[in-house]
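Single-letter residue listing:
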Amino acid sequence: MPICVNCRQYLENVATIYSFTDSRIELCPACSNLSDVYIGSRNLSLLSDLVLLKPQVLRHLLYNRRAEPAQSERFRSLNPGYRHNNVNTTTHLVKLGGILVIADAFVSWVHFRADGMSFMKLLIAATLDALSYHIAVIFAVRILTVRSVSNLQISLAIFYSSFAKLFLLLLLIIADPVPQSSSTVSNVPDNFLTGMHLTDDNRKAVWNVYTSLDDDRIDRPWIVNTVVGGMSAGFGLRVLLNTPPITSTIIILSGWIARSVTLELLHMYF
Ligand SMILES: [Zn+2]
């Protein structure tokens, strides 16, 4: 059912078609604003607002994008059986997911090609990563919330909100194109913590923590993927489910745990 993108009020319809060149957006009876200003917007302007994580654009895409607008009596009599939206939601989800998974794998390949990782392996890893994340989040939503949203809507909320993360990852390719090698671990200097009577292993562990935020060791794609990706997905799910922040956090954490387990298992085979 369509909603007002400003106040979440459920509406019969958010627009009415009067002719093929004239359709009007309805006023919301609850907040008196135009119920959905994104109707008729081009994909590019939707994308720019998606990167900025505006809740109104997420509500438009999740609730109103595929809602059938009302038709005036005259239009209905002139065009019997006309349907405005013929997009299949599952096909749309597969296309969107495919684009985002390929982009994810490409960013990983740019950053880790120095380790000899092939693009195909990274593509398989990105696909399994996305699958495990979505399945865990859907399970967590079913357990923790009572709202009647479909699994497709939950997946779409995650995909749509991950455009902000993808934008930052693509910026990383431009700003930091030098491939990283995860195998370059710097040696502990001879004079590091020598007066504290630590064993070599303990000194090495402290050195690893001490240098973990160094420019050449910090894993920027991982930080963007996990921290920014987690926050934006939590935001997308909050817009969809209208849950308290703690519930969204637990849902995202369960997805993150599933993702970490999957990646650990993949490391054993790749
Ligand atoms: Zn409203």
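Residues numbered from 1 in each chain as written. Predicted model: local features only at pLDDT ≥ 70, side-chain atom pairs only at ≥ 80, totals over all residues.

J.: Quick rundown of the overall build of the protein? Include the residues and the values.
T.: Each helix and strand in the protein was counted, giving 10 helices and three strands. Counting all 270 residues of the protein, 28% fall into the buried class. Contacts in the protein between residues at least 24 apart in sequence constitute 67% of all its contacts with a sequence separation of at least 6. (Helix = DSSP H or I, 4+ residues; strand = E, 2+ residues; numbered from the N terminus. Buried ≥ 20, exposed ≤ 12 C-beta atoms within 10 Å, placed from the backbone. Contact = placed C-beta atoms within 7 Å.)

J.: I'd like a rundown of the UniProt feature "transmembrane region" (unreviewed entry) in the protein, residues and numbers included.
T.: UniProt tags residues 93-112, 118-144 and 156-175 as "transmembrane region" (unreviewed entry). Strand forms 0% of residues 93-112 and helix 100%; the C-alpha atoms that close the span are 28 Å apart. Taken end to end, residues 156-175 is 95% helix and 0% strand, and its two terminal C-alpha atoms sit 29 Å from one another. (UniProt positions renumbered as here; feature names shortened; annotations may be inferred.)

J.: Describe helix H10 (residues 245-269), with residues and values.
T.: Relative to the 36 Å expected for 25 residues at 1.5 Å per residue, H10 spans 37 Å between its end C-alpha atoms, a close match to the ideal helical length. The complete set of buried residues in H10 reads Ser-248, Ile-251, Ile-252, Gly-255, Ala-258 and Arg-259. At its buried positions, H10 is contacted by helix H5 (119-144) and helix H9 (220-241). (Expected span 1.5 Å × (residues − 1).)

J.: Got a sec to walk through the packing of helix H4 (residues 89-112) against helix H6 (residues 151-161)? Specific residues and values, please.
T.: Look at H4 against H6: their axes get within 10 Å of each other, and the N-to-C directions meet at 30°. As far as their axial angle goes, H6 and H4 are roughly parallel. For the pair H4 and H6, the crossing hand works out as left-handed. For the pair H4 and H6, the contacting residues are Thr-89, Thr-90, Leu-93, Leu-96, Gly-97 and Leu-100 in the first and Leu-152, Ser-155, Leu-156 and Phe-159 in the second. A class-by-class count of the residues in the contact of H4 with H6 yields six nonpolar, four polar and no charged. (Axes fitted to C-alpha atoms, helices over the stretch in contact; angles between N-to-C directions. Parallel < 35°, antiparallel > 145°, perpendicular 65-115°, else oblique. Left-handed = near helix turned anticlockwise from the far one by under 90°. Nonpolar A, V, L, I, M, F, W, Y, C, P; charged D, E, K, R; others polar.)

J.: Let's hear about the environment of Tyr-160: which residues, and what values?
T.: Summarising the element assignment, Tyr-160 is placed in helix H6. The spacing of Tyr-160 and Val-51 is 109 residues in sequence and 9.1 Å in space, taken between C-alpha atoms. If near-sequence neighbours (up to four positions away) are discounted, Tyr-160 is found in contact with Leu-50, Leu-58, Leu-61 and Gly-236.

J.: Help me get a handle on the packing of helix H2 (residues 55-64) against H6, residues and values and all.
T.: Close contact between H2 and H6 brings their axes to 10 Å; oriented N to C, the two are set at 145°. The two elements H2 and H6 cross, and the hand of that crossing is right-handed. Judged by residue contacts, Leu-58, Leu-61 and Leu-62 of H2 engage Gln-153, Leu-156, Ala-157, Tyr-160 and Ser-161 from H6. Each residue belonging to the contact of H2 with H6 can be placed in one class, and the counts come to six nonpolar, two polar and no charged.

J.: How would you summarise the sheet that holds strand E2 (residues 22-25) if you had to cite specific residues and measurements?
T.: Within the open sheet, the three strands sit side by side as E2-E1-E3. Their pairing is mixed. At either margin of the open sheet sits one strand with a lone partner, and together these are E2 and strand E3 (70-71). Pairing analysis gives two bridges linking strand E1 (residues 15-19) to E3, with the strands arranged parallel. Within the sheet, the bridge partner assigned to Ile-17 lies in E3 and is Gln-71. (Pairing = 2+ DSSP bridges.)

J.: Help me get a handle on the nonpolar core, residues and values and all.
T.: Of all hydrophobic cores here, the largest spans 48 residues; its most connected members are Leu-62, Val-137, Ala-157, Tyr-160 and Leu-240. Examining the composition of this core, we find that nine residues originate from one element, H5, more than from any other. (Core = buried A, V, L, I, M, F, W, Y, C linked by C-beta atoms within 7 Å.)

J.: Report on the pairing of E1, specifying residues and quantitative values.
T.: By the bridge criterion, four bridges tie E1 to E2 in an arrangement that is antiparallel. Bridging from a neighbouring strand, Thr-16 pairs with Arg-24 of E2.

J.: Can you tell me about unusual backbone geometry, naming the residues and giving the values?
T.: The phi dihedral of Ser-32 falls on the positive side, at around 65°, and the residue is not glycine. We note that Asn-242 has phi near 55°; this positive angle belongs to a residue other than glycine. In this structure, Asn-242 sits in the loop between H9 and H10.

J.: Could you give me a rundown of helix H7 (residues 163-175), with the residues and numbers involved?
T.: With 13 residues, H7 extends 18 Å between its outermost C-alpha atoms, agreeing within 8% with the 18 Å of an ideal straight helix rising 1.5 Å per residue. Among the residues of H7, Phe-163, Ala-164, Lys-165, Leu-166, Leu-168 and Leu-169 are the ones counted as buried. Looking at the packing, one finds that the buried side of H7 touches helix H1 (43-51), H4, H6 and H9.

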